[in-house]
Number of protein chains: 2
Amino acid sequence: MAGLSDVAEGALRVVPLGGLGEIGRNMMVYETAEDMVVVDAGLLFPSDDMHGVDYIIPDASYVLERRDKLRGYLITHGHEDHIGALRFLLPQLQAPIYGSPLALGLIGWRLEESGILDAHMIEAGTGSSFDFGTITAEFYPVAHSIPDAFGIALRTPAGLVVHTGDFKIDHTPVMSEQTDLQQLAAYGREGVRLLCSDSTYADQPGVTPSEAVVGEALAQLLLTAPGRVIIATFASQIARIQQIVDAAEESGRVVYATGRSMEKNIEMSLELGYVAADERRLRPITDLGSAHDENTVIICTGAQGEPMSALSRMATGSHREVTLKSGDTVVLSSSPIPGNEAAVNNTMNNLYRRGVEVVSVASGHEHVHVRGHAAQEELKTVISLTNPSAFVPIHGEFRHLVLHGRLAQSMGVPDEGLHILLDGDVLELTANDSEVVDQIPAEYVYVDGENVGGVDRAIIRDRQKLADDGFILIAVAVNGESGAMTGDVEVTSRGFAEMHAAEHLRVGAAQVARDVLRSKPNATKLTTWEKRKRQVQQEVSTYVRRETRQRPMVVVVAVQV
Amino acid sequence: MAGLSDVAEGALRVVPLGGLGEIGRNMMVYETAEDMVVVDAGLLFPSDDMHGVDYIIPDASYVLERRDKLRGYLITHGHEDHIGALRFLLPQLQAPIYGSPLALGLIGWRLEESGILDAHMIEAGTGSSFDFGTITAEFYPVAHSIPDAFGIALRTPAGLVVHTGDFKIDHTPVMSEQTDLQQLAAYGREGVRLLCSDSTYADQPGVTPSEAVVGEALAQLLLTAPGRVIIATFASQIARIQQIVDAAEESGRVVYATGRSMEKNIEMSLELGYVAADERRLRPITDLGSAHDENTVIICTGAQGEPMSALSRMATGSHREVTLKSGDTVVLSSSPIPGNEAAVNNTMNNLYRRGVEVVSVASGHEHVHVRGHAAQEELKTVISLTNPSAFVPIHGEFRHLVLHGRLAQSMGVPDEGLHILLDGDVLELTANDSEVVDQIPAEYVYVDGENVGGVDRAIIRDRQKLADDGFILIAVAVNGESGAMTGDVEVTSRGFAEMHAAEHLRVGAAQVARDVLRSKPNATKLTTWEKRKRQVQQEVSTYVRRETRQRPMVVVVAVQV
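Residues numbered from 1 in each chain as written. Chains lettered and ligands numbered in written order. Predicted model: local features only at pLDDT ≥ 70, side-chain atom pairs only at ≥ 80, totals over all residues. Heavy atoms only, no water.

A. Structural detail: the overall build of chain A. On a plain count of helices and strands, chain A comes out with 16 helices and 26 strands. Dimensions along the principal axes, computed over C-alpha positions, put chain A at roughly 85 × 70 × 45 Å. The buried share of chain A, taken over its 561 residues, is 59%. Once local pairs closer than 6 in sequence are excluded, the contacts in chain A between residues at least 24 apart make up 70%. Surface exposure of chain A reaches about 21600 Å², of which carbon and sulfur atoms provide 47%. (Helix = DSSP H or I, 4+ residues; strand = E, 2+ residues; numbered from the N terminus. Buried < 20%, exposed > 50% of the residue type's maximum accessible area, 1.4 Å probe, protein only. Contact = heavy atoms within 4.5 Å. Areas by Shrake-Rupley, 256 points an atom, 1.4 Å probe, with all protein chains shown as cover.)

Right, here's the structure in full:
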C-alpha cells in the first residue's frame, strides 16, 4: 500500500473494513510485522438507493496487497454478515478458514453453491488455540442468536486483544454455551491491551432477555392457539427452531418448514446434530396435506417482510402449499431490522387482510422474540471483566459506537485508549501506545448477481437518474465518408412519462436535434461527432427541461452507413 | 359512473378515496340523492419503489363524474395529507373550501404557488354550521398536532354522521382547543348513525400524553444545555414553535428559524396571530451571526431525515449558516414515520460524527415529542360518548383499521354496523341498514413534478427495470425504400455494469443483432420492422442473460435513411 509503511516490530495494526457504517462487523484485520489474520468476512445487504445491488462486500485490497502475510480467516459465527463475503474473496485470497462446525457447515454450503470446492477449513471450538507465528488465537464461547458463536482472543506482540464478535450475556441460553465470563475474567487478570466489543445495541439500557423466554412464550401460544400457528423467524435461529420443535411435541403439533433457507438450514442442523427432532415431528411443507389445523405449526422465512419469502407469499395468497385463513395465528418471531419497517408493516397489513391473528413484539407479545446482542449493562460487565487499557467499539452504526465509547469512558477506560474508528482507519497499537496512523480506501464493493465490483458509483448514479425520470433516445444515421447526417432523426423514450403521453414532445426533441445537426454541415466530420453528440444531448436536455421541468437522461447514438 | 345507480332518497353514500392503504385519510366522499360533500383533499408521499413520483393524490373520477352535486370541500385541518391535493383537483373540480383560518391560510399559500388565485374559501370555526341542501355540516374542535383542527358532524337523510378527522384527547392542549367531548356526548344523546374515527394509533394501548409535556421537557433542556440547542420538528407543529419561543424567553435565549417550510409557516402563523413572539425573540437564521451559544435556539425542518432539509444539511456540514460543533445539543422533536427510520438513523449517525449531543425519544428523552393521534383508551372514549349504530375506522393502515374495529365490537357496536372499508368501497347507509354496494376504481394518481397522472404503473415498471440493471441500446439504419438494413449495428448501454466493463459483450450483442437482421433479407420490409425489432430485442436479451445472468432492458431503434 503506497505511503503506508510496514508494521513495526512489537506493534499490532488493527483495520476495520467494509460495513455500511457498521464498523468492523464484516471484516477486521489484525496485523503484526510478520503475520496477519482476518476476523470474519461477511457481506451486507444494500440500502434502497443502491439500485440493482444484491450485496456489499468489504474492499479487501489492503489484505490482497499483503496476501503473503495472511495466515487465516477466523470466523466468530455463521451469520451471513460474518461469512458471506468468503465466496467472493477466496478466489483471490486463499487462506485456511477457522470456525465452529456450524459456521463451517454454513460456509461450506455457500462455497459449494459458488463452485469453490477446495477451501481449507479447520474446526474450532471452546478453548481451541491456533498459532500463527507472532499471533496466537484462542476461541471462547459466547451466546448469540445462532449456536456455536465465539469470541476470539489474540495474543500479539502488543499484548492481548479480545474481539467479542456478536454476543449477549445469556445465563440460560438455548443450545449454545453461555458467554464465558470466567474466561473473560481470566483475560482481564492477565491484562487486556485492547477490547473490541459489539456495539449493536449500545443504545439500549438494561439487559437483553434470555432466549429461554422465547421458548416459553411460543410453547404457550402453541398450547392455546385455536388453529394453525405460523411462525416466521430467521433461518439461522437454530435454537428457536429447536424450541419450536420441543413446544410442538408438548402440544401435540407437527412442525412443517417452508422457505428455501429455512429448509436448507434445518437439513444441515439435523445432519450436524444441532437440531434433534423425530422425523414425524419436523417435516417438509409438502407433507402438510390435510393435517389438522390444531395439530399444525409452520415455520417459515419472511419475518423481515422480504418480498419473495414464504411469509410474504402466504400474506399475498401466492404460497403454493399454505393458504391462510381465519383461525390461523401468525407469529413474527423477530423485530424489523432498521430500514425494513415499511416492508414488515406491509406484510402485517396483508396478513390482517387474510383474516388471521397476528402476534408480534409490536402487538404486545414482547417475548415472542428477543435480541441477539448485549445491552448496556452487559456491555459494562464485559468491560469490567476485561478491564482493557484500550477500547475500540465495533459492530454498530456510528451513534452506537459513540454511546459504547461513553460507557467505556464512564468505566475508566483512559481517553487516549478510546478509538472510535471508521472503516479504513488504521490503528497502531504497541504495549504502551495506540494511535490512528492512516486511513486506507475502504469503499463498498457492490455485488450485482455474479458481478463483483463492476457496479460502481457512476453506474448507480445512472440507474438513479433512469429510475427518477427514465431516458430519451436520439438516434441518427451518419454517412461514414462525408460525416454528414443522412436520413432523419429517430426519437424514442422509456420511463419518461411526459414523452410517453405527448407526441409534440417527441416532435419537438427531434426538431431540436435536427437543428443542431444541420446547423454547421462542414463541421460534421467524424472526428467531431463526439462533440456534436454532446451538443445534441445538451440542447435536447434543455428543451425537455424547459417544456416539462423533468430531467430524463438523454442518450444520443449515431449509426454509420 | 357506469353500473352504479344513483343514491336512493333517504340514503347516504360513503366512499373513501386515495390513501396508500390509509383508508380515507386523504379524501372521504359523503353523498345523498341530491348533494355531495368531500371531507379533506390531501396528498401522500410515495414509497421508495415509486420511482420519480413526488406525490400521490386520490383518484377523484367518482367526484368528477358527479361534479354538479359537489357542494364543497370540508377541511378538517391544515396538514398536507388533508389539503395537499386541492391544488391538483381544483382546476377540474371547482367548489367552495370550508376550513379554519389556519387551514385556509396554508391552502391559500399552496394554491398561490400553483397560480390558482380564484379559490372560494369560507372560514369555519367551533360551532360553524353550513347547509348543503340534504346535508348539514357542523364543525367541532379537536386537539391534534396542528392548531385549529376540527371534527365534522354531518346531518344527512340517513342520520347523523360524526367524522373525527385526525385527533387526540388532550385535556391540556397547547394553543388548540380541547377535543369537544361535551359536543360528542350531545351527538351521542341525539343518536349517531355512523362514526368514522381516526385509527392511526389504534395499535397503541393507553392514552397519548398531552402536548403540554413537550413544552416542559424542551424548557428544561433550554435551561440546562451548555451551548446551542437545535430543535428539529414538523413545520406545521405550530404549538410546539410557540412552546419553544416561550421556553426561550424563560431561559434568555433567542430563536432562529431555518428550513423553507419552517420559515414560511412561522411567517404565516405570526401574521394570522397563531404564534405570539417578540421580533427580537424569534428571528431568521440569517441573523444568527455571532450570537452567543448559550443564548441560542435554532428550530429547523428535517426531523424525518429528509435529505435536503435544514437538519440534514447541518448534519452533513453543508448548511450555509449553521456549522455544528461539540457543545451543541440537537433535539429530534418527532418520531420517525414508518419508512423513514433508515433516513433518521442516517441523520443521527451524521450528527454524532459532528460531535454534538443528540436528544430524542429513542435516546430515552421520551417527552421531547408526543404523538398527535389518539391511542386505544381515547378511541374507546369517543365510541362510548357517541355510541354509534354503525362504525367505519378511517385513517390507518389495514391492521389499524382491524384493531380499531375490534375495539368498537368490544364496546357493543353491532357486527352488521362495522365496516372495514378499502379505498373505493361504496358504503350505502340508510336509517336502518348499512351495506357495501360496490367498489369503484380508486387507484393512486401519481404526481411527478407538474405531471399529474401521466406516470402510470407501466412507467414505474420501466423505471424499476432501468434502476435494477440499466439498458442496452441497439441502433440500426434501414433503407427507407428496400427496407434492408444498411450500414452497421451500433450498441451502447447505460447503467448496465457488465457491458460498461466488457467490450466482448458489446461485440457479442452487435453480432446477435446482425445475425437476426441479415438472416432473412426478404422479410425486411418496412411493415415487418416491428416484428424484426422485437426479434432482435428478444435474442439480444437472451444472449445477455446467458452471458451475465442480468436482465437489462434492451431497446432497439431503427433510423430510416
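B. Structural detail: the environment of A:Y98. Residue and element names in this part refer to chain A. Here Y98 is to be found in strand β6 (residues 97-99). Taking the C-alpha atoms as reference points, Y98 and E321, separated by 223 residues in sequence, lie 40 Å from one another. With residues up to four places along the chain from it excluded, the contact list for Y98 reads R71, G72, Y73, L74, I75, L104, I122, F130, F132 and F139.

C. Inspection of the packing of helix α11 (residues 376-386) of chain B against helix α12 (residues 398-410) of chain B at higher detail. Residue and element names in this part refer to chain B. Interaxial distance between α11 and α12 falls to 10 Å at its minimum, and their mutual angle equals 50 degrees. Judged on the interaxial angle alone, α12 and α11 are oblique. Judged by the sense of rotation from one axis to the other, the crossing of α11 with α12 is right-handed. Every residue of α12 that contacts α11 at Q376, L379, K380 and I383 is listed here: H404, L407 and A408. Residue composition of the contact of α11 with α12, by class: four nonpolar, two polar and one charged. (Axes fitted to C-alpha atoms, helices over the stretch in contact; angles between N-to-C directions. Parallel < 35°, antiparallel > 145°, perpendicular 65-115°, else oblique. Left-handed = near helix turned anticlockwise from the far one by under 90°. Nonpolar A, V, L, I, M, F, W, Y, C, P; charged D, E, K, R; others polar.)

D. Focus on the interface of chain B and chain A. Listed per partner, the contact involves 59 residues of chain B and 59 residues of chain A. The interface formed by chain B and chain A includes two salt bridges. With a shortest N-O distance of 3.1 Å, B:E357 and A:R406 are connected by a salt bridge. Our enumeration of links across chain B and chain A arrives at 18 residue pairs in polar contact (both at pLDDT 80 or more). Broken down by secondary-structure element, the contributors of at least two residues to the side of chain B that touches chain A are α10 (341-353), α12, α13 (457-469), β24 (471-478), β25 (485-494), α14 (497-501) and β26 (553-560) of chain B. Its residues assigned to classes, the side of chain B that touches chain A shows 26 nonpolar, 15 polar and 18 charged. (Salt bridge = Lys/Arg side-chain N within 4 Å of Asp/Glu carboxyl O. Polar contact = N/O pair within 3.5 Å; in protein donor to acceptor, adjacent residues only side chain to side chain.)

E. Seen up close, the packing of aromatic side chains. Residue and element names in this part refer to chain A. Going through the model one piece at a time under the given rule, you end up with 15 aromatic pairs over all chains. Centre to centre, the rings of Y55 and F88 are 6.2 Å apart; their planes meet at 45 degrees, and the pair counts as tilted. With Y55 in strand β4 (residues 55-57) and F88 in helix α3 (residues 86-89), this pair connects stretches of sequence that are 33 residues apart. Look at Y98 and F132: their rings are 5.1 Å apart centre to centre, the planes differ by 80 degrees, and that puts the pair in the edge-to-face class. A residue pair is termed long-range when its members are at least 10 positions apart, and Y98 in strand β6 and F132 in strand β8 (residues 129-132) qualify at 34 residues. A residue is classified by how much of its surface remains accessible, and F132, at 5% relative accessible area, is buried. Taken together through their ring pairs, the aromatic side chains of Y98, F130, F132, F139 and F150 make up a single cluster. (Phe/Tyr/Trp six-rings, centres within 6.5 Å; stacked < 30°, edge-to-face > 60°.)

F. How the structure looks around the relation of the copies chain B and chain A. Note on the copies: chain B fits chain A at an RMSD of 0.1 Å, the axial shift is 0.1 Å, and the rotation between them is 180 degrees. Considering both components of the superposition, the chain copies are consistent with a two-fold axis. Nearest to the rotation axis, the C-alpha of B:A467 is located 2.5 Å from it, this being the minimum over chain B. When the interface residues of chain B are mapped onto chain A, 100% of them are again interface residues, pointing to one common binding face. (Least-squares fit on C-alpha atoms with pLDDT ≥ 70 in both.)

G. Looking closely at the sheet that holds strand β16 (residues 296-300) of chain A. Residue and element names in this part refer to chain A. As summarised here, the arrangement of the six strands in space is β15-β14-β16-β13-β17-β18, forming an open sheet in which the pairing is parallel. Each edge of the open sheet carries a strand with a single partner, namely β15 (282-284) and β18 (357-359). Averaged over all adjacent pairs, the angle separating strand axes in this sheet is 25 degrees, with direction ignored. Across three bridges, the pairing between strand β14 (residues 254-258) and β15 is parallel. Looking at β15, one finds that V255 is bridged to L282. Contacts from helix α8 (residues 260-272) reach β14, β15 and β16 within the one sheet, and its direction differs from that of β14 by about 120 degrees. (Pairing = 2+ DSSP bridges.)

H. Quick peek at helix α5 (residues 181-190) of chain A. All names here are of chain A. If you check which residues of α5 are buried, you get L184, A185, Y187 and G188. Across the axial projection of α5, the buried residues extend over an arc of 160 degrees, all falling on one side. The exposed residues of α5 that point more than 90 degrees off its buried face are Q182 and R189. Packed against the buried residues of α5 are β9 (135-142), β10 (149-156), β11 (159-163), β12 (192-198) and α11 (376-386). Two or three places before Q182, at the opening of α5, D180 has a side-chain oxygen 3.3 Å from that residue's backbone nitrogen. Following α5 by one or two positions, G191 has its phi on the positive side, about 110 degrees. (Arc of directions from axis to C-beta.)

I. Structural context of the side chain of A:S145. Residue and element names in this part refer to chain A. Following the sequence through the fold, S145 ends up in the loop between β9 and β10. Taking relative accessible area as the criterion, S145 reaches 16% and is therefore assigned buried. Here S145 is in contact with H79, S236, Q237 and G372, once residues within four sequence places are set aside.

J. Structural detail: the sheet that holds strand β6 (residues 97-99) of chain B. All names here are of chain B. Across the sheet, which stays open at both edges, the eight strands sit in the order β7-β6-β5-β3-β2-β1-β20-β21 with mixed pairing between neighbours. A single partner strand is all that each edge strand has here, and the edge strands are β7 (121-123) and β21 (434-439). Put simply, the sheet's adjacent strands are angled 25 degrees from each other on average, direction ignored. The sheet contact formed by strand β20 (residues 425-429) and β21 spans five bridges and is antiparallel. The residue of β21 that forms the bridge with L427 is V436.

K. Region of interest: the pairing of strand β1 (residues 12-17) of chain A. Residue and element names in this part refer to chain A. Burial runs high along β1: six of the six residues are buried. Here β1 shows a buried face lined by L12, V14 and P16 and a second buried face lined by R13, V15 and L17. The pairing of β1 with strand β20 (residues 425-429) spans three bridges and is classified as antiparallel. When the sheet's bridge partners are listed, R13 is paired in β20 with E428. Bridge count between β1 and strand β2 (residues 27-31): five bridges; the pairing is antiparallel. Directly across from V15, in β2, lies its bridge partner V29.

L. Inspection of the pattern of salt bridges at higher detail. Residue and element names in this part refer to chain A. Applying the stated criterion to the full structure yields 50 salt bridges over all chains. Between R13 and E428 there is a salt bridge, and its shortest N-O distance comes to 2.7 Å. You can see R13 sitting in strand β1 and its partner E428 sitting in strand β20, a full 415 residues away along the chain. For the salt bridge of R457 with E443, the shortest nitrogen-to-oxygen distance reads 2.9 Å. Here R457, found in helix α13 (residues 457-469), pairs with E443, found in the loop between β21 (434-439) and β22 (445-448); they are 14 residues apart in sequence, far enough to count as distant. Classification of R457 by relative accessible area gives exposed; the value is 53%.

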